[in-house]
Amino acid sequence: MSARSAPSLPFSVKPLLLALALPLAGLGVSAARADEASAAAADQPQIWINVGGFSRHFDRDPRYNENNFGFGIEWRRSPELAVMAGVYDNSLGKPSQYAAINWQPWQIGPVKLGAAIGVLNGYPAISRGGTFFAALPMASIEGRRFGINLGLIPSIKNVDGAVLLQFKLRIN
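Source: prediction; values computed, not measured.

(A) View of the nonpolar core. Listed in full, the 6 residues of the largest apolar core are Met84, Tyr88, Tyr98, Leu120, Tyr123 and Phe132. Look past the residues within four positions of phenylalanine 132 in its chain and what remains in contact with it is Gly118, Val119, Leu120, Asn121, Tyr123, Ile126 and Ser127.

This is the structure we're talking about:
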């Protein structure tokens, strides 16, 4: 067996390869700059308006209102942290108000994961309808203009659990 050496390219092909490689390298630099620009844009505060959404209760009691329309605002200060506040028609058909911090330190692809921690009211079985603290797992998917928040209310004591879906529109 004889060892073969790699064939060398003729001199005339090397300038062609160099001519092709330079624009491709430029595309890589442009892509890197675009990634840096999109990362910088992601770090800019974002303001979202939401219109409430829907809930799906684990206990399929027909008395539950699962069309939870309302109005809220969300100020995403960073990719991991948002401040939220709003009003909506709760599952008992009563008005509720909320204010929360949505902390989402994990991200899998486009999905941000974490928890919303805050206060809300309007549920007679909890604090006689008054204000109480709550925390729930929260996932968010945000595009350029549209997004969703998906929350989970666990079934605890006199609370029937549910999955929440909230729609939002970015305004800046």
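(B) The arrangement of the pattern of salt bridges in detail. Applying the stated criterion across every chain, the model contains 7 salt bridges. With its nearest N and O atoms 2.6 Å apart, the salt bridge here joins lysine 168 to glutamate 142. Taken together, the positions of lysine 168 in strand 8 (residues 162-170) and glutamate 142 in strand 6 (residues 132-142) put the pair 26 residues apart, joining distant regions of the chain. Given the relative accessible area of 4%, lysine 168 is considered buried. When salt bridges with common partners are traced through the structure, they connect Glu74, Arg76, Lys112, Glu142 and Lys168 into a single cluster.

(C) Expanded view of the sheet that holds strand 7 (residues 146-153). If you walk around this closed barrel you meet the 8 strands as 1-2-3-4-5-6-7-8, and the pairing is antiparallel. Between one strand and the next, the sheet's axes are offset by a mean angle of 30°, whatever the strand orientation. As defined by bridge partners, strand 3 (residues 81-89) adjoins strand 4 (residues 95-108) across 9 bridges and the pair is classed as antiparallel. Its bridge partner lying in strand 4, tyrosine 88 is registered against serine 96.

(D) Inspection of the pairing of strand 1 (residues 46-57) at higher detail. Note: strand 1 against strand 2 (residues 67-76), 8 bridges, orientation antiparallel. Each bridged residue has a counterpart across the sheet, and for phenylalanine 54 the counterpart in strand 2 is asparagine 67. When strand 1 meets strand 8, the two strands line up antiparallel, connected through 8 bridges. Across the sheet, histidine 57 pairs through a bridge with alanine 162, a residue of strand 8.

(E) Expanded view of the environment of tyrosine 123. Examined against the element boundaries, tyrosine 123 turns out to sit in the loop between strand 5 (111-120) and strand 6. Separated by 32 residues in the primary sequence, tyrosine 123 and serine 91 have C-alpha atoms spaced 8.7 Å apart. Discounting chain neighbours no more than four positions away, the residues touching tyrosine 123 are Tyr88, Asn90, Ser91, Leu92, Ser96, Arg128, Gly129 and Phe132. A distance of 2.8 Å separates a polar atom in the side chain of tyrosine 123 from a polar atom in the side chain of tyrosine 88.

(F) Quick peek at the pairing of strand 6. Alignment of strand 5 against strand 6, held across 10 bridges, turns out to be antiparallel. Within the sheet, the bridge partner assigned to valine 119 lies in strand 6 and is phenylalanine 133. Two strands pair when backbone bridges link them, and strand 6 and strand 7 are joined in this way by 5 bridges, in the antiparallel orientation. Note that in strand 7 the partner of serine 140 across the bridge is asparagine 149. From the end of strand 6 to the start of strand 7, which pair antiparallel, there are 3 residues.

(G) How the structure looks around the packing of aromatic side chains. Under the definition given, this model contains 5 aromatic pairs. Each ring, one from phenylalanine 54 and one from phenylalanine 69, has its centre 5.6 Å from the other, and the planes form 80°; the classification is edge-to-face. With phenylalanine 54 in strand 1 and phenylalanine 69 in strand 2, the pair connects residues that are 15 residues apart, well separated along the chain. Judged by its relative accessible area of 34%, phenylalanine 54 falls in the partly exposed class. Aromatic rings pair up to connect Phe54, Phe69 and Phe167 into one cluster. One cation-aromatic arrangement involves lysine 168 over tryptophan 48; the distance from NZ or CZ to the ring centre is 5.0 Å.

Analysis parameters
Residues numbered from 1 in each chain as written. Predicted model: local features only at pLDDT ≥ 70, side-chain atom pairs only at ≥ 80, totals over all residues. Heavy atoms only, no water. Core = buried A, V, L, I, M, F, W, Y, C linked by side-chain atoms within 4.5 Å. Buried < 20%, exposed > 50% of the residue type's maximum accessible area, 1.4 Å probe, protein only. Contact = heavy atoms within 4.5 Å. Salt bridge = Lys/Arg side-chain N within 4 Å of Asp/Glu carboxyl O. Helix = DSSP H or I, 4+ residues; strand = E, 2+ residues; numbered from the N terminus. Pairing = 2+ DSSP bridges. Axes fitted to C-alpha atoms, helices over the stretch in contact; angles between N-to-C directions. Polar contact = N/O pair within 3.5 Å; in protein donor to acceptor, adjacent residues only side chain to side chain. Phe/Tyr/Trp six-rings, centres within 6.5 Å; stacked < 30°, edge-to-face > 60°. Lys NZ or Arg CZ within 6 Å of the ring centre and 35° of its normal.

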